[in-house]
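# Survey of secondary and tertiary structure
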Amino acid sequence: MTRSIPMTMLLLWAGSAVAGQPSQTPTPAALWKEECAACHMAYPARLLPAESWKAIMAGLKSHFGTDATVDAPAAAAIERFLVANAGMRAVRSTGGPVPLRITTSPWFIREHREVAASTWKRPEIKSPSNCTACHTGAESNNFSDDLSGTSGGRRR
Ligand code: HEC
Ligand code: HEC
């Protein structure tokens with residue numbers, strides 16, 4: 001009896017052959033994790049609009065007081081990835097500069113109203129940019145943990 005090899009098995013075989021190649025090009029998401037999580041967590045693309053990501057990628061040479069340059073092909077791939085997954089909040093055309101920070105966005109300030117000024121300055125937190133100090137799921141793009149009543153929240 002002759003039976004053809006199921007398509008799924010062929011696909012699995014083809015997939016493992018590709019995965020076995022050592023010189024496989026990393027995906028844009030992998031490049032982003034590699035290059036943008038070296039100094040802080042890789043901030044999820046949805047937290048800033050496309051204009052902001054473009055401005056950030058254009059200014060990596062002097063990135064918040066540090067040099068965060070990435071080689072040109074990787075930078076282009078990362079920018080495409082960030083822009084494709086960017087948040088919907090458009091930057092208002094007030095004539096001012098495009099915002100480069102998540103932590104100065106009106107929504108961020110609103111969501112973090114209950115965090116006391118003294119909490120932000122704690123040694124284990126240091127900066128509002130340090131999302132992972134309070135949001136344990138931040139690395140996996142999850143900020144919906146209930147922080148009310150924790151050290152990050154109302155109780156000081
Ligand atoms: C060499 C270290 C370094 C690398 C690499 C780096 N950053 Fe940063 N980044 C910083 C520093 C320092 C800050 C400021 C943090 C603070 O204010 O506490 C920052 C802040 C940011 C902020 C603003 C956070 C806020 O306060 O809202 C964004 C967005 C950002 N980086 C994106 C990126 C992206 C995208 C990449 C990858 C292309 C990247 N960073 C790579 C050092 C780095
Ligand atoms: C000092 C602790 C702290 C830090 C640091 C912090 N947050 Fe928060 N965040 C909170 C608290 C408290 C809330 C209020 C809602 C709650 O109880 O989860 C909140 C709420 C949020 C929400 C709304 C969640 C929802 O489901 O409504 C988002 C999104 C968020 N934070 C993103 C961030 C990002 C991105 C960063 C880093 C750039 C950050 N936060 C840094 C404490 C923190």
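To keep things clear, this report deals only with the structure shown in the data block.

How each quantity is defined
Residues numbered from 1 in each chain as written. Chains lettered and ligands numbered in written order. Predicted model: local features only at pLDDT ≥ 70, side-chain atom pairs only at ≥ 80, totals over all residues. Heavy atoms only, no water. Helix = DSSP H or I, 4+ residues; strand = E, 2+ residues; numbered from the N terminus. Buried < 20%, exposed > 50% of the residue type's maximum accessible area, 1.4 Å probe, protein only. Contact = heavy atoms within 4.5 Å. Areas by Shrake-Rupley, 256 points an atom, 1.4 Å probe, with all protein chains shown as cover. Salt bridge = Lys/Arg side-chain N within 4 Å of Asp/Glu carboxyl O. Donors = N, O, S within 2.8 Å, 3.2 Å for Na, K, Ca; no water. Tetrahedral: all angles 85-135°; square planar, octahedral: opposite > 155°, others 65-115°. Axes fitted to C-alpha atoms, helices over the stretch in contact; angles between N-to-C directions. Parallel < 35°, antiparallel > 145°, perpendicular 65-115°, else oblique. Nonpolar A, V, L, I, M, F, W, Y, C, P; charged D, E, K, R; others polar. Patch = residues over 30% accessible without salt bridge, like charges linked within 9 Å, V, L, I, M, F, W, Y side chains within 5 Å. Lys, Arg positive; Asp, Glu negative; His and termini not counted. Charge placed at Lys NZ, Arg CZ, Asp CG, Glu CD. Near = heavy atom within 4 Å. Polar contact = N/O pair within 3.5 Å; in protein donor to acceptor, adjacent residues only side chain to side chain.

### Focus: the overall build of the chain
Within the chain, the secondary structure is distributed over six helices and zero strands. Going residue by residue from the N terminus, the α and β elements of the chain occur as α-α-α-α-α-α. The buried share of the chain, reckoned over its 156 residues, is 30%. The long-range share in the chain, meaning contacts at least 24 apart out of those at least 6 apart in sequence, stands at 60%. When the accessible surface of the chain is summed, it comes to about 10,800 Å², and 59% of that surface belongs to carbon and sulfur atoms.

### Things to note about the pattern of salt bridges
All chains considered together, the criterion is met by two salt bridges. Between K61 and D67 there is a salt bridge, with its nearest N and O atoms 3.2 Å apart. Residue classification places K61 among the exposed positions, given a relative accessible area of 60%.

### Observations concerning the coordination of the iron atom of ligand 2
Looking at the iron atom of ligand 2, the protein donor atoms are H112 (NE2) and H135 (NE2), and they sit 1.9 to 2.0 Å from it. Angles of 88 to 180° at the metal separate the six donor atoms of the iron atom of ligand 2, which places the site in the octahedral class. In this pair, H112 is assigned in the loop between helix 5 (106–111) and helix 6 (117–120) and H135 in the segment after helix 6, connecting sequence segments 23 residues apart. Comparing H112 with H135, the two get one shared label, buried.

### Looking at the packing of helix 2 (residues 28–36) against helix 4 (residues 72–84)
Contact geometry for helix 2 and helix 4: axes closest at 9 Å, N-to-C directions at 105°. By the angle class used here, helix 2 and helix 4 are roughly perpendicular. Across the interface between the two elements, P28, A29, L31, W32, E35 and C36 of helix 2 pack against A74, A77, I78, F81 and L82 of helix 4. Of the residues belonging to the contact of helix 2 with helix 4, the class tally is ten nonpolar, no polar and one charged.

### A few points about a positive patch on the surface
Judged by side-chain charge, R46, R89, R110 and R113 come together as a positively charged surface patch. Mapping R46 onto the fold places it in the loop between helix 2 and helix 3 (50–58). Among the residues examined, R46 registers a relative accessible area of 39% and is labelled partly exposed.

### What about the site of ligand 1?
As a matter of local geometry, ligand 1 sits amid 22 residues, with C36, C39, H40, H63 and I102 nearest to it. Between a nitrogen atom of ligand 1 and a side-chain N or O atom of H63, the distance comes to 2.8 Å. Between ligand 1 and S127 there is a distance of 2.8 Å, counted from an oxygen atom to a side-chain nitrogen or oxygen. For the shell around ligand 1, the secondary structure elements donating two or more residues are helix 2 and helix 3. Residue contributions to the shell around ligand 1 peak at three residues, all from helix 3. When grouped by side-chain class, the residues that make up the shell around ligand 1 number 13 nonpolar, six polar and three charged.

### Digging into the site of ligand 2
Close to ligand 2 lie 25 residues, the nearest being H112, C131, C134, H135 and D145. A distance of 2.8 Å separates a nitrogen atom of ligand 2 from a polar atom in the side chain of H112. In this structure, H135 approaches ligand 2 through a side-chain N or O atom, which is 2.8 Å from a nitrogen atom. Where the shell around ligand 2 is concerned, the elements lending two or more residues are helix 5 and helix 6. Considering every element that reaches the shell around ligand 2, the biggest residue donor is helix 5, with three residues. Among the residues forming the shell around ligand 2, the class breakdown is eleven nonpolar, ten polar and four charged.

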